[in-house]
Amino acid sequence: LPTWNISGAWNVHEEDFFDKAFAPALSHLTLKASYSLTADRGPEYVTNSQAIIMSYSPYRPFTDGQETGLYVSDPENSELTYEKKHELNIGADMGFLNNRINFAVDWYKRNNYDLIGIIATQGVGGTIYKYANIASMKSHGVEFTLSTKNVKSQSFSWNTDFIFSYAKNEVTDLKSRASMMELVSGNGFAMQGYPVRGLFSIPFAGLDKNGIPQYLINGEVTSTNIDFQTRENLDYLKYEGPTDPTITGSLGNIFTYKGFKLNVFMTYSFGNVVRMNPCFSYQYSDLSSMPREFKNRWTVPGDEARTNIPAIISKRQYYENQNLVYAYNAYNYSTERIAKGDFIRMKEISLAYEFKQPWLERFFIRRMQVKASMTNPFSWVSDKKWDGLDPETGNWPTRRVTSLSLQVSF
């Protein structure tokens, strides 16, 4: 298990020259760096670096002839080794104006290799698919936090905390090939030269004269000639972006006045794409729940010029061409069903009041607080396709919760 780390930090504020050169504007300054090689055993279900032999009871026609047997559950996979990662970190912590402003920044670069995944083999050794060290990946990012004491008096204070994080990764080597379904599903999948959870889509080519969706597959416009399990000739798929956001963070403000405390906390996320709910099908029942976008679907000839929402086909159309199931399944994984995941959310607004201690002592109470809060009161999304849905869930509107609480300690 190769693991080692070297790191160091320089507390510049402890040097003799610091007060003369930087005080009082700069209160403290620490520079730090580290470099490491760490290893991980990989997924917990990968256990067959050596042969795994299990016991069982072979069939015998009579109970007095029972005996135990052994069988090879997983053949030896001796070439399997640990997942490994080189990581470089450089950062700084600093404070200004007697630490009323505190700032911390960290930059990192990682190179992962020997990553474990499934690879197809010729079957020598007893298995067609086995786990192997098949991939390498590089990533980098920066994180910083800013904390400020904006106002501080005897009865009033205002503190702000801001967090920003940027992260980007790329698969640099991959010895396995994903199927088309793995690449277009909402979870994202690895492909060399793209992020580790990149999302692809089937190129949508409009509706035909009957409202059936069409796609551009290897230069051919088709509705049914689609193989979701193929691993060959997938260059026609359109890369949409990563499913993991590249920019995340939060902004919080806390205001206090005597016994009152107001907390306003918001979060943000940018840089990812989301596969929208796969709600389209070649048939529906009375129990089907349809989104409001179905109101704009194709209904009469000529609608293909004004809408990209496919028609609801009749049973006769389906029986005449049962391959239409592929057309509607592909629509759920086409370029039409992709939305940006960018959002800014007011995560929580709360107001609390702390009762004064002398008043509480008469009733043998050590602490009493009443608090009113609202979670997810409102949010902003960049893509109009969401139409009231929450980008984080993809299927449901944002859940708003209002609560009133009383805390008493004796």
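None of these values were measured; they are calculated from a predicted model. (Residues numbered from 1 in each chain as written. Predicted model: local features only at pLDDT ≥ 70, side-chain atom pairs only at ≥ 80, totals over all residues. Heavy atoms only, no water.)

**Describing the overall build of the protein chain**
Across its full length, the protein chain carries 5 helices and 20 strands. Since a compact globule built from 410 residues should have a radius of gyration of about 22 Å, the 30 Å found for the protein chain marks it as more spread out than a globular shape. In the protein chain, of all internal contacts separated by at least 6 residues, the share reaching a separation of at least 24 is 64%. For the protein chain, the computed accessible surface area is about 25,100 Å², with 54% contributed by carbon and sulfur atoms. Within the protein chain, the 42 negative side-chain charges are centred at a point lying 9 Å from the centre of the 42 positive side-chain charges. (Helix = DSSP H or I, 4+ residues; strand = E, 2+ residues; numbered from the N terminus. Rg over C-alpha atoms; globule rule 2.2 N^0.38 Å. Contact = heavy atoms within 4.5 Å. Areas by Shrake-Rupley, 256 points an atom, 1.4 Å probe, with all protein chains shown as cover. Lys, Arg positive; Asp, Glu negative; His and termini not counted. Charge placed at Lys NZ, Arg CZ, Asp CG, Glu CD.)

**Describing the sheet that holds strand β12 (residues 220–222)**
Ordered by their spatial adjacency, 3 strands build an open sheet running β10-β11-β12, and the pairing between neighbours is antiparallel. Each of the sheet's edge strands pairs with one partner strand only, and the pair in question is β10 (204–207) and β12. Between one strand axis and the next, the sheet turns through 25 degrees on average, direction left out of account. Two elements, strand β11 (residues 213–217) and β12, share 3 bridges in a ladder whose sense is antiparallel. By the bridge assignment, isoleucine 217 is partnered in β12 with glutamate 220. Packing of helix α4 (residues 324–332) onto the sheet brings it into contact with β10 and β11, and relative to β11 it is tilted by some 75 degrees. (Pairing = 2+ DSSP bridges. Axes fitted to C-alpha atoms, helices over the stretch in contact; angles between N-to-C directions.)

**A few points about the packing of aromatic side chains**
Counting across every chain of the model gives 22 aromatic pairs. Aromatic side chains tyrosine 353 and phenylalanine 355 sit 5.1 Å apart centroid to centroid with 85 degrees between the ring planes, which places their arrangement in the edge-to-face category. A relative accessible area of 24% means that tyrosine 353 is categorised as partly exposed. Members of the aromatic cluster, connected to one another through ring pairs, are Phe103, Phe144, Phe162, Phe164, Tyr268 and Phe270. It is arginine 110 that lies over the ring of tyrosine 108; its NZ or CZ is 4.2 Å from the centre. Over the aromatic face of phenylalanine 343 sits the side chain of arginine 345, whose NZ or CZ is 4.8 Å from the ring centroid. (Phe/Tyr/Trp six-rings, centres within 6.5 Å; stacked < 30°, edge-to-face > 60°. Buried < 20%, exposed > 50% of the residue type's maximum accessible area, 1.4 Å probe, protein only. Lys NZ or Arg CZ within 6 Å of the ring centre and 35° of its normal.)

**Considerations on a nonpolar patch on the surface**
Nonpolar side chains collect at one region of the surface, where Tyr257, Phe260, Leu262, Ile349, Leu351 and Phe378 lie side by side and expose about 530 Å² of accessible area between them. Mapped onto the nonpolar patch, the elements with two or more residues apiece are β15 (260–270) and β18 (343–354). In this structure, isoleucine 349 sits in strand β18. The exposure class of isoleucine 349 is partly exposed, given its relative accessible area of 30%. (Patch = residues over 30% accessible without salt bridge, like charges linked within 9 Å, V, L, I, M, F, W, Y side chains within 5 Å. Salt bridge = Lys/Arg side-chain N within 4 Å of Asp/Glu carboxyl O.)

Remember that the coordinates give geometry; whether it matters functionally is a separate question.
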